[in-house]
Amino acid sequence: MIHKSRFYTKMIFKMLKKEVVNQEDYKASYNEVANTYQDWIEQMGKFTDQMIMPAILSNETAGQKPIRVLDFACGTGYISRKIVGMGVPCEITAVDISEKMLEHCADLSDQGVKLVHMDGITFLNETEETFDVILCGWALPYFPHKVLLKKFRERLADGGIVGVIANRTGTLHKMEEIFLRVMAKNPENVRKPMDISLQLPKGREGLENWFRHHGFVAVEIDEGEAIFSFDTPEKLLAWLNETGALAGTMQIFNNYEKVKGDILREIEKEKCRDHQYEINHNFVYGIFRNGGVNGEHT
Ligand SMILES: C[S@@+](CC[C@H](N)C(=O)[O-])C[C@H]1O[C@@H](n2cnc3c(N)ncnc32)[C@H](O)[C@@H]1O
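Residues numbered from 1 in each chain as written. Predicted model: local features only at pLDDT ≥ 70, side-chain atom pairs only at ≥ 80, totals over all residues. Heavy atoms only, no water.

1. Describing the overall build of the protein chain
In step 1: Check the secondary structure of the protein chain and you find 12 helices and eight strands.
In step 2: Against the globule reference of 19 Å for 298 residues, the protein chain gives a C-alpha radius of gyration of 20 Å, in line with a compact fold.
In step 3: Projected onto its principal axes, the C-alpha positions of the protein chain cover 65 × 35 × 35 Å.
In step 4: Taking all 298 residues of the protein chain together, 53% fall into the buried category. (Helix = DSSP H or I, 4+ residues; strand = E, 2+ residues; numbered from the N terminus. Rg over C-alpha atoms; globule rule 2.2 N^0.38 Å. Buried < 20%, exposed > 50% of the residue type's maximum accessible area, 1.4 Å probe, protein only.)

Structure below.
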């Protein structure tokens, strides 16, 4: 058995060498959860709505010409579907890396939404299109934010709008520790670590700082929390896996089934309160305006 300090050193080296859960792993995860992702939408869609409508209405071309919208990491198309339902004239492009998630967008394609199956950053690098509104729901941490916000700004019209909703630090309390403990207990089963928590914004201030740094001006910004309770650790873990909230974690291990018992035992130890197993989803959302050439809105 590898000594714990040796194990952590090994993980740090892997992280330095960028041998971490990567975009192919997230793609594989979302391909797996495509048929159950609706559970997330049913519970969390109402929070996404708080970002969609203000973002579309903050756009200044509204009423003059169709709004060019990019639904970035669109998943099963919740955001695009909402916009189509608003009846505002729009030209929507929806991009996602998971072909299985995109299969659930067939109805949108019929309504004129352009679906693109591609890694998001590759799309932003290759497209010559400009957008009035870019919306990104629940996907920010899958991208290096410095690269992403720079690319958003390049593809956004002057005065254009970015709307985001994303998990923030403090979300899924204790889950990271639980996984680290299970990894340390099963070092021979660990393929690669995950660095997604480094990509979570630190609440309102954190998100605003990221955007301000890239020349955006905050129009609206807020945060929230949703808590779900289950009567068994198995149901809690199933919720996290089936909604994509733990996307990428199965890919940490060579054989996930072998460590699943340890994960459940840790959940039982760490997450039980009054015979219920609770999980929190902490998030932040914001609407940001492209401030123009000098970072000031013109
Ligand atoms: C939690 S889902 C969000 C889906 C949708 N935006 C929503 O609000 O319901 C995250 C999505 O990000 C996508 N994604 C992850 N990494 C990506 C990448 N590198 N490029 C494009 N999409 C990616 C996943 O395939 C998944 O559909």
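2. Quick notes on the UniProt feature "domain: Methyltransferase" (unreviewed entry) in the protein chain
In step 1: Mapped onto this numbering, the UniProt entry annotates "domain: Methyltransferase" (unreviewed entry) at residues 69-160.
In step 2: Each end of residues 69-160 is marked by a C-alpha atom, and these two atoms are 10 Å apart; helix forms 40% of the span and strand 29%. (UniProt positions renumbered as here; feature names shortened; annotations may be inferred.)

3. Points about the pattern of salt bridges
In step 1: Applying the stated rule across the entire model yields 22 salt bridges.
In step 2: Notably, a salt bridge pairs arginine 181 with glutamate 270, separated by 3.0 Å at the nearest N-O pair. Of the two residues, arginine 181 sits in helix H9 (residues 175-185) while glutamate 270 sits in helix H12 (residues 256-270), which places them 89 residues apart along the sequence.
In step 3: Residue glutamate 270 is classed as partly exposed on the basis of its relative accessible area, which comes to 24%. (Salt bridge = Lys/Arg side-chain N within 4 Å of Asp/Glu carboxyl O.)

4. Some words on the packing of aromatic side chains
In step 1: Enumeration over the complete set of coordinates arrives at 16 aromatic pairs.
In step 2: Ring centres of phenylalanine 72 and phenylalanine 152 lie 5.1 Å apart, and the angle between their planes is 90°; on these two criteria the pair is classed as edge-to-face. A residue pair is termed long-range when its members are at least 10 positions apart, and phenylalanine 72 in strand S1 (residues 67-72) and phenylalanine 152 in helix H8 (residues 145-155) qualify at 80 residues. The burial state of phenylalanine 72 is the same as that of phenylalanine 152; both residues are buried.
In step 3: Taken together, Trp40, Phe47, Trp138, Phe228, Phe230, Trp239, Phe283 and Tyr285 form an aromatic cluster joined through their ring pairs. (Phe/Tyr/Trp six-rings, centres within 6.5 Å; stacked < 30°, edge-to-face > 60°.)

5. Let's talk about the site of the ligand
In step 1: Surrounding the ligand, one finds 18 residues, the nearest of these being Tyr37, Ala73, Asp96, Asp119 and Gly120.
In step 2: Contacts to the ligand include isoleucine 97, whose backbone N or O atom sits 3.2 Å from a nitrogen atom.
In step 3: The backbone of glycine 120 places a nitrogen or oxygen atom 2.8 Å from a nitrogen atom of the ligand.
In step 4: Protein burial of the ligand: of its 590 Å² of free accessible surface, 98% is covered by the chains.
In step 5: Looking at side-chain class alone, the shell around the ligand contains 12 nonpolar, four polar and two charged residues. (Near = heavy atom within 4 Å. Polar contact = N/O pair within 3.5 Å; in protein donor to acceptor, adjacent residues only side chain to side chain. Areas by Shrake-Rupley, 256 points an atom, 1.4 Å probe, with all protein chains shown as cover. Nonpolar A, V, L, I, M, F, W, Y, C, P; charged D, E, K, R; others polar.)

6. Describing the nonpolar core
In step 1: Counting residues in each nonpolar core, the largest one holds 64 residues, and the members touching the most others are Leu135, Met175, Phe253, Ile263 and Ile279.
In step 2: Broken down by element, this core gets its largest block of residues, eight residues, from helix H3 (residues 38-58).
In step 3: If we skip the residues at most four places from it in the chain, phenylalanine 253 touches Phe179, Val182, Met183, Asn189, Val190, Arg191 and Val259.
In step 4: One finds Cys136, Phe143, Phe152 and Val164 within the second-largest nonpolar core, a separate group that totals 27 residues. (Core = buried A, V, L, I, M, F, W, Y, C linked by side-chain atoms within 4.5 Å. Contact = heavy atoms within 4.5 Å.)

7. Comments concerning the environment of phenylalanine 288
In step 1: If you trace the backbone, phenylalanine 288 turns up in strand S8 (residues 276-290).
In step 2: Note: C-alpha distance between phenylalanine 288 and threonine 9 (279 residues apart in sequence) is 40 Å.

8. Side note on unusual backbone geometry
In step 1: Unusually for a residue other than glycine, alanine 73 sits at a positive phi of about 60°.
In step 2: Within the fold, alanine 73 resides in the loop between S1 and helix H4 (78-86).
In step 3: Phi is positive for aspartate 274, close to 50°, though the residue is something other than glycine.
In step 4: Among the secondary structure elements, aspartate 274 is positioned in the loop between strand S7 (272-273) and S8.

9. Considerations on a nonpolar patch on the surface
In step 1: Side chains of Ile12, Phe13 and Leu16 sit close together on the surface and give an oily, nonpolar patch of about 350 Å² of accessible area.
In step 2: With respect to the secondary-structure elements, isoleucine 12 resides in helix H1 (residues 4-16).
In step 3: Using a relative accessible area of 51% as the deciding quantity, one classes isoleucine 12 as exposed. (Patch = residues over 30% accessible without salt bridge, like charges linked within 9 Å, V, L, I, M, F, W, Y side chains within 5 Å.)

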